[in-house]
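Observations on the model geometry
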Amino acid sequence: MLELFRSANFSFQNPEFLFLLLLIPLLSILYFFREYRGNTPALIFSSISILKSARGGILKNFRHSVFIFRMLTLALLILAFARPRTSNQKQIVYSEGIDIVLCLDLSTSMFAEDFEPKNRIDAAKEVAREFIRNRVSDRIGLVIFQAKAFTQCPLTLDYTLLNRFISGLNAGKMQEDGTAIGLALATATNRLRNSTAKSKLIILLTDGQNNAGEIEPQTAADLAAALGIKVYTVGAGTRGYANYPIPDPLYGTRYIRAKVDVDDVGLERIAKTTGGKYFRATDFKSLQETYREIDNLEKSKVEVQTYTEYKEEFSKVLLWALILFAVEILLANTRFRKAP
């Protein structure tokens with residue numbers, strides 16, 4: 001029963017009855033006043049010589065136990081009248097989820113180290129993971145591309161699995177290098193083709209221009225627009241030149257300066273065609289801000305309904321009150337019975 005009162009979700013339905021607990025100290029004062037200062041009943045004996053030699057025994061120290069049990073019984077009865085209860089709060093979440101496909105460029109140019117202290121691919125992976133952490137009930141998929149495009153992860157609510165896929169990505173690992181923006185966009189669009197979500201969108205990040213694949217970017221954008229899919233495009237790379245690492249078997253890694261070749265015009269046209277928006281991220285901070293702005297623009301509608309279930313616990317308290325009352329009656333009529 002003590003665990004009941006220690007519970008964090010414990011409360012009383014009728015706490016006003018607890019004021020009756022003030023009767024206990026009052027009754028205790030009256031009891032001890034009567035015992036030690038009031039008139040006590042007496043029996044007349046012709047001689048008390050035999051009583052003088054009798055010892056009270058150790059049980060005389062417990063002569064007040066009947067009264068104590070009575071007060072404990074009264075306290076528990078008052079607690080039972082106050083209707084102790086435990087509560088269990090539950091929530092029902094109603095949400096209109098968004099289906100999102102992250103489309104990520106893995107061409108070797110993503111190794112450029114103009115997103116200090118990270119290169120482009122590491123920066124893109126980090127902001128993608130941060131974006132996923134901020135979503136609640138959206139299905140998210142992942143498409144990667146170089147000269148070819150592949151679905152790395154279909155639409156899923158398993159964000160742990162999706163983050164594992166993103167963490168394992170590395171630039172330049174496909175067989176053929178290149179930047180197939182149109183093919184990547186078409187692959188992502190195909191993933192959303194049969195989606196029944198109220199809102200569907202693609203976030204396409206690249207650092208170059210379309211130079212591979214059989215589908216033109218504008219054709220893929222028209223297809224996405226026809227299916228009601230919004231595309232946010234992100235051009236990653238500083239303006240001007242950037243350092244690219246080149247593996248050298250003799251001297252280790254060396255760097256070359258190469259011109260950043262982001263297709264701002266083409267990416268902006270794709271976004272405009274689909275009702276999306278184009279962002280240019282020139283460093284790691286601006287890339288983070290880009291994904292945060294997209295996150296704010298595309299929020300799922302989430303409605304939470306909270307209700308509380310109560311469980312009545314007064315029967316447990318009442319049971320202990322009856323047990324103590326039975327003990328009091330037993331003691332009062334046996335060992336601590338008083339003479340009439």
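Let me sum up the structure you'll find in this document. (Residues numbered from 1 in each chain as written. Predicted model: local features only at pLDDT ≥ 70, side-chain atom pairs only at ≥ 80, totals over all residues. Heavy atoms only, no water.)

With that settled, consider unusual backbone geometry. One non-glycine residue with positive phi stands out, namely Arg83, at about 60°. Tracing the backbone shows Arg83 in the loop between α4 (65-81) and β2 (84-96). (Helix = DSSP H or I, 4+ residues; strand = E, 2+ residues; numbered from the N terminus.)

Next up on the list: the environment of Thr253. The topology assignment puts Thr253 in strand β9 (residues 252-259). Residues contacting Thr253, with those up to four places away along its chain left out, are Pro245, Ile246 and Asp248. (Contact = heavy atoms within 4.5 Å.)

Enumeration over the complete set of coordinates arrives at six aromatic pairs. Here the aromatic rings of Phe131 and Tyr291 are separated by 6.0 Å at their centres, their planes lie at 75°, and the arrangement is edge-to-face. Taken as a pair, Phe131 in helix α5 (residues 120-133) and Tyr291 in helix α10 (residues 284-297) lie far apart in primary sequence, 160 residues in all. Residues Phe131 and Tyr291 agree in their burial class; the two are buried. Here the aromatic rings of Tyr232 and Phe279 are separated by 6.3 Å at their centres, their planes lie at 35°, and the arrangement is tilted. Here Tyr232 is found in strand β7 (residues 229-236), whereas its partner Phe279 is found in strand β10 (residues 278-281), with 47 residues between them in sequence. A residue is classified by how much of its surface remains accessible, and Phe279, at 7% relative accessible area, is buried. Linked through ring pairs, Tyr31, Phe32 and Phe67 together constitute an aromatic cluster. The residue whose ring lies beneath Lys259 is Tyr241, and the NZ or CZ to ring-centre distance is 5.9 Å. (Phe/Tyr/Trp six-rings, centres within 6.5 Å; stacked < 30°, edge-to-face > 60°. Buried < 20%, exposed > 50% of the residue type's maximum accessible area, 1.4 Å probe, protein only. Lys NZ or Arg CZ within 6 Å of the ring centre and 35° of its normal.)

Moving on, we come to the sheet that holds strand β3 (residues 98-105). Strand order across the open sheet formed by six strands is β5-β4-β3-β6-β7-β10, with mixed pairing between neighbours. Because the sheet does not close on itself, it has two edges, and the strands there are β5 (149-156) and β10. Pairs of neighbouring strands in the sheet enclose a mean axial angle of 15°, with direction left out of account. Judged from the seven bridges that link them, β3 and strand β4 (residues 139-145) form a sheet pairing that is parallel. Bridge pairing links Cys103 to Val143 in β4. Sitting on the sheet, α10 touches β6 (199-206), β7 and β10, and the angle it makes with β10 is about 155°. (Pairing = 2+ DSSP bridges. Axes fitted to C-alpha atoms, helices over the stretch in contact; angles between N-to-C directions.)

This part covers a nonpolar patch on the surface. Residues Phe17, Leu20, Leu23, Leu26, Leu27, Leu30 and Phe81 make up a contiguous nonpolar surface patch of roughly 620 Å² in combined accessible area. For Leu30, a relative accessible area of 52% gives the class exposed. (Patch = residues over 30% accessible without salt bridge, like charges linked within 9 Å, V, L, I, M, F, W, Y side chains within 5 Å. Areas by Shrake-Rupley, 256 points an atom, 1.4 Å probe, with all protein chains shown as cover. Salt bridge = Lys/Arg side-chain N within 4 Å of Asp/Glu carboxyl O.)

On to the nonpolar core. Among soluble globular proteins, nonpolar side chains are generally buried collectively. Among the nonpolar cores identified, the biggest contains 35 residues, and Ile100, Leu102, Leu142, Ile203, Leu205 and Leu287 are the most heavily contacted of them. Per element, the largest residue contribution to this core is seven residues, and it comes from α5. When neighbours within four sequence positions are excluded, Leu205 is seen to be in contact with Cys103, Leu104, Asp105, Met110, Ala124, Phe145, Val234, Ala236, Leu287 and Tyr291. Listed in part, the 32 residues of the second largest apolar core include Ala147, Ala180, Ala188 and Ala224. (Core = buried A, V, L, I, M, F, W, Y, C linked by side-chain atoms within 4.5 Å.)

The next thing to look at is helix α7 (residues 181-192). The first and last C-alpha atoms of α7 sit 17 Å apart over 12 residues, in line with the 16 Å expected at 1.5 Å per residue. Burial of α7 is extensive: 10 of the 12 residues sit out of reach of the surface. (Expected span 1.5 Å × (residues − 1).)

Attention now moves to the packing of α5 against helix α6 (residues 159-167). Following both chains from N to C, one finds α5 and α6 inclined at 175°, their axes separated by 10 Å at the closest point. Classified by the interaxial angle, the pair formed by α5 and α6 is roughly antiparallel. Of α6, the residues touching α5 (which contributes Lys125, Ala128, Arg129 and Ile132) are Tyr159, Leu162, Asn163, Ile166 and Ser167. (Parallel < 35°, antiparallel > 145°, perpendicular 65-115°, else oblique.)

This paragraph deals with the pattern of salt bridges. On inspection of all chains with the given rule, the structure shows 13 salt bridges. Note that Lys118 and Glu126 form a salt bridge whose closest N and O atoms lie 3.0 Å from each other. Glu298 is paired through a salt bridge with Lys230; the nearest N and O atoms lie 3.0 Å apart. With Glu298 in the loop between α10 and β11 (301-312) and Lys230 in strand β7, this pair connects stretches of sequence that are 68 residues apart. In this structure Glu298 comes out as buried when scored by relative accessible area, which is 7%. Since its relative accessible area comes to 26%, Lys230 is described here as partly exposed. Salt bridges here are not isolated pairs; linked through shared partners, they connect Asp114, Arg120 and Asp207.

Our focus in this paragraph is the pairing of strand β8 (residues 241-248). Note: β8 against β9, eight bridges, orientation antiparallel. Within the sheet, the bridge partner assigned to Asp248 lies in β9 and is Gly252. What sits between the antiparallel neighbours β8 and β9 is a turn of three residues.

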